[in-house]
Each structure stands twice: as structure tokens, then as C-alpha cells.
Amino acid sequence: MLTTACTGVQTVTKGLENQAYIQILGDRDVYSDQVTIVLDSETTFKAEVNKIGTSVPKGTVYAISTGKHFIEVKNRNQVVYSKQIFVSAQETKQITLP
């Protein structure tokens, strides 16, 4: 008597989180203090400026929702970056300051 057991193929599908990230890059000598991020003229938070020029991106990233956003970066109450961006799920958008 021969008995066989079959285990079916199991597939797990998991969608991406509806979240994206931004990373602020710039000259650490110029932006030694934290900068202020204004997102869509509604959300304001302080952010650390990460060093430019590393071969492997590293540093602090900030979670934002996916989609279109208007972002301003202020340093000592002066706007140093202002642009509309679009970010997809799980994308990290690098904002390079002048």
C-alpha cells in the first residue's frame, strides 16, 4: 500500500506600506544646526542634514505619505529649498541643499 501526501503551494502576498521617505543632504559646515522642514504648508518639523558625497547613502530619513508634496527647507528662518516632489511607496527622495 502506498500513501502519498501532498502539501499545496502556499503564496503570501503582502502589499507595500503606503509610506515614503525623505533624506536631507547638504554641507554640514553650512547647515551645522538642524533645518526646518515645511511639508504642504501644514506639517513642520526639524530635520538633521546628512553629509553629501558618501558612496553608500546613510543618515536620518523621515517618513512621509506617498504622493505629491510641496516641500520647503528653512535654515535660520530663510528658505533654502522649495519644490514640489512626488514620492512612491517605499521610495527615499534625497533633497540636496545648495
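So, a few notes on the structure that sits alongside this text. Not measured: the values here are computed from a predicted model. (Residues numbered from 1 in each chain as written. Predicted model: local features only at pLDDT ≥ 70, side-chain atom pairs only at ≥ 80, totals over all residues. Heavy atoms only, no water.)

**Side note on the overall build of the protein**
Move 1: Looking only at helices and strands, one finds zero helices and eight strands in the protein.
Move 2: Going from N to C terminus, the protein has its helices and strands arranged as β-β-β-β-β-β-β-β.
Move 3: Excluding contacts between residues fewer than 6 apart, the proportion of contacts in the protein whose partners are at least 24 apart in sequence is 58%.
Move 4: Here the protein has roughly 7100 Å² of accessible surface; of this, 49% comes from carbon and sulfur atoms. (Helix = DSSP H or I, 4+ residues; strand = E, 2+ residues; numbered from the N terminus. Contact = heavy atoms within 4.5 Å. Areas by Shrake-Rupley, 256 points an atom, 1.4 Å probe, with all protein chains shown as cover.)

**Digging into the environment of Lys 93**
Move 1: Position of Lys 93 among the secondary structure elements: in strand E8 (residues 92–96).
Move 2: Using a relative accessible area of 28% as the deciding quantity, one classes Lys 93 as partly exposed.
Move 3: The sequence separation of Lys 93 and Tyr 21 amounts to 72 residues, and the corresponding C-alpha distance is 6.2 Å.
Move 4: The residues touching Lys 93, leaving out its near neighbours within four places in the chain, are Tyr 21, Ile 22, Gln 23, Ile 85 and Val 87. (Buried < 20%, exposed > 50% of the residue type's maximum accessible area, 1.4 Å probe, protein only.)

**Quick word on the nonpolar core**
Move 1: Ranked by internal contacts, the top residues of the largest apolar core, which has 18 residues, are Ile 22, Ile 24, Val 35, Ile 37, Ile 71, Ile 95 and Leu 97.
Move 2: For this core, the secondary-structure elements that each account for two or more residues are strand E1 (20–26), strand E2 (35–39), strand E5 (62–64), strand E6 (67–75) and strand E7 (78–87). (Core = buried A, V, L, I, M, F, W, Y, C linked by side-chain atoms within 4.5 Å.)

**Section: the side chain of Asn 50**
Move 1: With respect to the secondary-structure elements, Asn 50 resides in strand E4 (residues 50–51).
Move 2: On the basis of relative accessibility, which here comes to 3%, the residue Asn 50 falls in the buried class.
Move 3: Here Thr 60 takes part through its backbone oxygen, which lies 3.0 Å from a polar atom of the side chain of Asn 50.
Move 4: Beyond its immediate chain neighbours, meaning those up to four positions away, Asn 50 contacts Gln 23, Ile 24, Leu 25, Gly 26, Arg 28, Lys 58, Gly 59 and Thr 60. (Polar contact = N/O pair within 3.5 Å; in protein donor to acceptor, adjacent residues only side chain to side chain.)

**Digging into unusual backbone geometry**
Move 1: Non-glycine residue Asp 40 carries a positive phi angle of around 60°.
Move 2: Within the secondary structure, Asp 40 is located in the loop between E2 and strand E3 (43–47).
Move 3: Asp 40 sits in the partly exposed class, given a relative accessible area of 29%.
Move 4: Unlike most non-glycine residues, Asn 77 shows phi in positive territory, near 65°.

**Regarding the sheet that holds E3**
Move 1: The strand order across the open sheet formed by four strands is E3-E2-E6-E7, and the pairing between neighbours is antiparallel. The open sheet has two edge strands, E3 and E7, and neither has a second partner. Averaged over all pairs of adjacent strands, the angle between their axes in this sheet comes to 25°, without regard to strand direction. (Pairing = 2+ DSSP bridges. Axes fitted to C-alpha atoms, helices over the stretch in contact; angles between N-to-C directions.)

**What about the pairing of E3?**
Move 1: As paired elements, E2 and E3 share five bridges and run antiparallel to each other. Across the sheet, the residue bridging to Val 35 is Ala 47, located in E3.
Move 2: Connecting E2 to the antiparallel partner E3 that follows it, the hairpin turn spans three residues, and Asp 40 within it adopts a positive phi of roughly 60°.

Any functional reading would require information that these geometric values do not contain.
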